[in-house]
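# Working through the structure, step by step
Here is what each chain is made of, one letter per residue.
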Protein chains: 2
Amino acid sequence: MINVTTQEAADLLRQQDNVLVLMHRSPDGDTIGCGYALCLALRWLGRKAQAVCSDEIPMQYRYFTEAAEEQTFTPQFIVAVDIADTQLLGDKLAGYEDRVDLCIDHHGSNREYAHYGLVCDQAPACAQILTEVIRAMGVPVQGAIADALFTGLTTDTGCFRYASVTADTYRTAAYLVEQGARNGLINRLMFETKSRNRLELEKQALDSLRYYCEGQIALICITAEMMRTTGAVDNDTEAIPSIPRQIEGVKIAITVKQKGERLFRISLRTTEEADASAICSQLGGGGHKAAAGCSYEGTLEEAVRTIVTLSARSLGDMV
Amino acid sequence: MINVTTQEAADLLRQQDNVLVLMHRSPDGDTIGCGYALCLALRWLGRKAQAVCSDEIPMQYRYFTEAAEEQTFTPQFIVAVDIADTQLLGDKLAGYEDRVDLCIDHHGSNREYAHYGLVCDQAPACAQILTEVIRAMGVPVQGAIADALFTGLTTDTGCFRYASVTADTYRTAAYLVEQGARNGLINRLMFETKSRNRLELEKQALDSLRYYCEGQIALICITAEMMRTTGAVDNDTEAIPSIPRQIEGVKIAITVKQKGERLFRISLRTTEEADASAICSQLGGGGHKAAAGCSYEGTLEEAVRTIVTLSARSLGDMV
C-alpha cells in the first residue's frame with residue numbers, strides 16, 4: 001500500500017468519476033457518516049458516486065442518508081472508509097477485496113489491502129480524517145455532508161467522552177457545527193433515544209446483576225427469554241456491557257448473552273487491574289486488554305461459573 | 001448592575017486582593033470548576049483567594065480541588081460564579097447577598113444582584129465564559145485550572161451532548177485539552193462512574209416507570225423509602241430525570257422525588273411539543289420550556305395524579 005497525505009488523497013479523488021465507496025458490514029455511525037459524506041462530496045463536484053454496504057443502513061441515520069438518492073454506474077474507482085480488513089466488507093461486497101484503490105481509515109490494525117492508503121491511527125474517528133480530505137477537495141462542508149461527518153465523529157467517540165478524543169477532535173467538531181452540522185439533533189438521536197423495548201431489556205438486565213469477589217467482579221446476563229419477552233433487537237443490547245463497567249470498585253465487568261440454546265457470547269470489560277484478553281483467550285477468544293470476548297457452549301450456569309472462576313483467578317482471588 | 005466585557009472583568013480581577021469566590025448551594029461541576037479555577041488563577045497572580053460554598057464539595061472533584069489549600073483572610077472583593085440569584089447562595093453564604101462585587105454567569109434569568117456583571121446566556125456553561133476571562137487576565141490556563149474549567153464545560157453540557165452546545169464550546173474544549181486538561185479521565189469520572197447504591201436506586205426508579213397517554217407521558221418516582229433502602233445520596237438522583245426523557249415517543253418526562261413526608265419535588269423534561277415551564281407554573285414553579293420544576297404538598301398519589309393531569313391537558317389529551 002502506498003501511503004498518501006490528506007492533500008494527495010483529495011487530489012486523487014478529484015480526478016475520479018464513477019466512484020464506489022465501501023462501508024463495513026454491521027455498519028456504525030462512522031462508516032456510514034464517512035461513506036455518505038464522501039459520496040455527496042464527489043457528487044457536488046459533478047461526479048457519479050455511490051456508498052454501499054453489505055448490510056442495510058439503519059433508519060436512524062436517514063437525516064443525512066436521505067440526501068443521497070441511488071445512482072447506478074459501472075464503478076471505476078473503489079474507496080473503502082473505516083475498514084481495517086477486507087473481511088469486514090461482508091458477503092455482498094466480498095468481490096471488491098482485491099480491487100480497493102484508496103482506503104481512508106483510523107485503525108492501527110489496518111491490513112493495508114488497498115493500492116493507496118490514508119491511515120491515521122491518532123484519529124478517534126475516521127470522520128476526523130475525512131473532514132480534512134473533503135476540505136482539501138475544495139468541497140464546501142455543509143448540509144448533509146456536515147451532518148454525516150459530525151455523526152461519524154460523535155458516534156465513534158461516545159459523544160466526545162472516550163480517552164481517545166484529542167484537541168483536534170473537539171476542533172473538528174467546532175468546525176462542523178460552524179458549517180451547519182445539527183449537533184443537538186444528532187446527539188439526541190444517537191445517544192438519547194431509546195425504544196420502550198430497549199429500556200425494558202435494560203431493566204431486566206439490571207435485575208440480573210450479580211457481584212462476585214467483594215464487588216470486584218460484576219456480571220449481567222441477557223437471555224433469549226429476555227429478548228423474546230421484551231421484543232428487543234440485537235442492536236438494543238449494545239450499551240449493556242457498559243452498565244457493569246461503570247460501577248465503582250468493579251475491576252472485571254462481564255456480560256453473558258445467549259446466542260443459542262446452549263451457546264453464549266461473553267464480553268469482558270476490565271480496568272487496568274485485569275487483562276480481559278488474557279482471560280478470554282483461555283476460552284478461545286481474544287481482543288484488547290480492556291475489552292475482549294469469547295464464546296461458550298453449555299448451560300447458562302456453566303457459562304457464568306466458568307467465566308467468573310477464570311476472572312476471579314486472574315484477580316488472584318477465590319470466589 | 002454594570003455590564004462589563006470579558007477584558008474589563010479580567011482587568012477588574014487583576015486589581016484585587018483577598019478575593020472570595022462564591023459557588024452556589026448544591027454545587028455542580030460548573031460552579032465548582034469555575035470557583036476553583038478563578039481562585040487558582042488569582043493565586044497564580046500572587047493574590048489571596050478562596051472559593052466557598054454553603055454545602056460540602058463532593059469528593060469526586062478532588063482531582064482539581066485538592067490543588068487549592070485553604071487560605072484565610074478578610075475578604076475585600078466578592079465574586080459569584082454560575083449563580084443566577086442570591087437565593088442560591090445557601091444559608092452559610094446568605095450574608096454576602098448584598099455584597100457581591102462581580103458576577104460571572106451564563107443564566108439568562110440572572111437577577112443582576114452584583115455591582116458588575118459578565119453574563120452571557122449564549123454560553124452553555126459558565127466555564128466557557130471564565131476560560132476567556134482567565135486568558136484575558138494573562139494567567140496560563142494549565143494544570144488544575146484547565147482540569148477545573150474542562151469539568152465545568154463538560155458537566156453543564158452533558159459531555160457536549162445538549163443542543164445548547166455551540167462551535168465555541170467545542171473550540172473551548174479543544175483549547176483546554178491542548179493546555180493539558182485530562183479530558184479522558186474527567187469524562188470517565190463524571191459520566192462513567194456509578195456507586196452500587198446509585199445503580200440500585202436507578203434500578204428501583206426504573207421499576208417505578210409508568211406510561212400515560214399512550215406513551216406520550218412517562219413518569220418515574222423516587223421515594224424516601226427508595227433512598228433509605230438503597231443508601232443512595234441526593235447526588236445519586238441527578239441522572240434519573242434523563243431516563244424517561246430518552247424514551248422514544250415520550251413528549252413529557254416526569255420525575256417525582258419525595259423531599260418530606262408530604263412534600264414532593266417534581267421535575268419535567270419536554271420535547272418541543274410541550275412547554276414544561278407553562279405546566280409547572282400552574283403549581284407555582286417554573287424554569288425553561290424544555291426543563292422545569294415545581295413542588296407539591298400532599299400524598300405521592302395526589303402528586304402523580306395532579307402532574308399527570310396537567311401534563312395530559314397540555315397535550316390536548318385526556319388521561
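Not measured: the values here are computed from a predicted model. (Residues numbered from 1 in each chain as written. Chains lettered and ligands numbered in written order. Predicted model: local features only at pLDDT ≥ 70, side-chain atom pairs only at ≥ 80, totals over all residues. Heavy atoms only, no water.)

### A closer look at the sheet that holds strand β5 (residues 102–105) of chain A
Residue and element names in this part refer to chain A. Put simply, the rule is: In this description, strands pair whenever DSSP reports at least two bridges between them. Strands are runs of DSSP state E lasting at least two residues, helices are runs of H or I lasting at least four, and both sets are numbered from the N terminus onward.
Taken in spatial order, the 6 strands of this open sheet run β1-β6-β5-β4-β2-β3, and their pairing is parallel. A strand with exactly one partner marks an edge of an open sheet, and here the two such strands are β1 (2–3) and β3 (49–52). Here β5 runs beside strand β6 (residues 116–119); their pairing, made up of 4 bridges, is parallel. By the bridge assignment for β6, L102 is matched with Y116.

### Some details on the packing of aromatic side chains
Quick note on the threshold: Paired rings are identified among Phe, Tyr and Trp, the last through its six-membered ring, by centres lying within 6.5 Å, and are further divided according to the angle between planes into stacked (under 30 degrees), edge-to-face (over 60) and tilted (the rest). Think of it in three bands: residues with accessible area under 20% of the maximum for their type are buried, residues over 50% are exposed, and the middle band is partly exposed, with areas taken using a 1.4 Å probe on protein chains only.
Enumeration according to the criterion identifies 14 aromatic pairs over all chains in this entry. Considering the side-chain rings of F150 of chain A and Y170 of chain B, the 6.0 Å spacing of their centres and the 65° angle between planes classify their relative orientation as edge-to-face. Linking F150 of chain A in helix α5 (residues 143–156) with Y170 of chain B in helix α6 (residues 167–178), this pair reaches from one chain into another. Of the two residues examined, F150 of chain A and Y170 of chain B, each falls in the buried class. Every member of this aromatic cluster is reached through a ring pair, and the members are F150, F160 and Y170 of chain A together with F150, F160 and Y170 of chain B.

### Section: the packing of helix α4 (residues 126–136) of chain A against α5 of chain A
All names here are of chain A. Applied cut-off: All axes here are fitted lines through C-alpha atoms, helices being fitted over the stretch that makes contact, and every angle between N-to-C directions spans 0 to 180 degrees. Here the angle decides the label: under 35 degrees means roughly parallel, over 145 means roughly antiparallel, 65 to 115 means roughly perpendicular, and every other value means oblique. Two residues form a contact once any of their heavy atoms are found within 4.5 Å. Here the term charged refers only to Asp, Glu, Lys and Arg, the term nonpolar to Ala, Val, Leu, Ile, Met, Phe, Trp, Tyr, Cys and Pro, and the term polar to all other amino acids, Gly among them.
Here α4 crosses α5 at 150°, and the two axes come no closer than 8 Å. In terms of orientation, α4 lies roughly antiparallel with respect to α5. In this structure, α4 contributes A127, Q128, L130, T131 and I134 to the contact, and α5 contributes I145, L149, G152 and L153. Each residue belonging to the contact of α4 with α5 can be placed in one class, and the counts come to 6 nonpolar, 3 polar and no charged.

### Regarding the packing of helix α2 (residues 29–44) of chain A against α4 of chain A
The relative placement of two packed helices is expressed as an angle between their axes plus a distance between the axes. All names here are of chain A. Two elements in contact, α2 and α4, have axes separated by 9 Å at closest approach and are oriented at 10°. By the angle between their axes, α2 is roughly parallel relative to α4. The segment α2 lies against α4, with D30, C34, A37, L38 and A41 engaging C126, A127, L130 and I134.

### Here's the deal with the pattern of salt bridges
Stated precisely, the cut-off is as follows: When a carboxyl oxygen of Asp or Glu is within 4 Å of a side-chain nitrogen of Lys or Arg, the pair counts as a salt bridge.
The tally for this structure, following the rule as stated, stands at 29 salt bridges over all chains. Between R245 of chain A and E192 of chain B there is a salt bridge, and its shortest N-O distance comes to 3.4 Å. With R245 of chain A in helix α10 (residues 242–245) and E192 of chain B in the loop between α7 (183–191) and α8 (196–207), this pair bridges two chains. A relative accessible area of 33% places R245 of chain A in the partly exposed class. Note that E200 of chain B and K203 of chain B form a salt bridge whose closest N and O atoms lie 3.8 Å from each other. Residue E200 of chain B and its partner K203 of chain B are located together in helix α8, separated by 3 residues, close to a single helical turn. A relative accessible area of 30% means that E200 of chain B is categorised as partly exposed. Overlapping salt bridges, with partners in common, bring together R161 and R245 of chain A together with E192 of chain B in one network.

### Things to note about the environment of I254 of chain A
Residues and elements named next belong to chain A. Turning to its location among the elements, I254 is positioned in strand β9 (residues 252–260). Residue classification places I254 among the buried positions, given a relative accessible area of 0%. Distance from I254 to S311, taken between C-alpha atoms, is 9.1 Å for residues 57 residues apart in sequence. Every residue in contact with I254, bar those within four places of it in the chain, is listed here: I217, A218, L219, I220, P244, I266, S267, L268, I307, V308 and S311.

### Comments concerning the interface of chain B and chain A
What counts here: Two parts placed together each lose some accessible area; with a 1.4 Å probe, that loss summed over both constitutes the buried area.
At the junction of the two partners, chain B supplies 36 residues and chain A supplies 36 residues. In this assembly, chain B packs against chain A so that about 3,600 Å² is buried in total across both faces, 55% of it on carbon and sulfur atoms. There are 8 salt bridges connecting chain B and chain A. Two residues, E178 of chain B and R171 of chain A, come together in a salt bridge whose shortest N-O distance is 2.7 Å.

### Digging into the layout of surface pockets
Residues and elements named next belong to chain B. In plain terms, the rule: Cavity means a closed set of points on a 1 Å grid over the protein atoms alone, one where a 1.4 Å probe fits but cannot get out, pocket means an open set with protein on both sides within 12 Å along at least 5 of 7 lines, and lining means a residue has an atom within 4 Å of a point. Grid points are joined across faces, edges and corners, and a volume is the space filled by probe spheres set on the points.
If you add up the space inside the second largest pocket, you get close to 340 Å³. Along the wall of the second largest pocket there are 17 residues; nearest its centre are Y36, A51, E56, I57 and E70. Secondary-structure elements contributing two or more residues to the lining of the second largest pocket are β3 (49–52) and α3 (62–65). No other element matches β3, which puts 3 residues into the lining of the second largest pocket. Residues of the lining of the second largest pocket, tallied by class, amount to 9 nonpolar, 3 polar and 5 charged.

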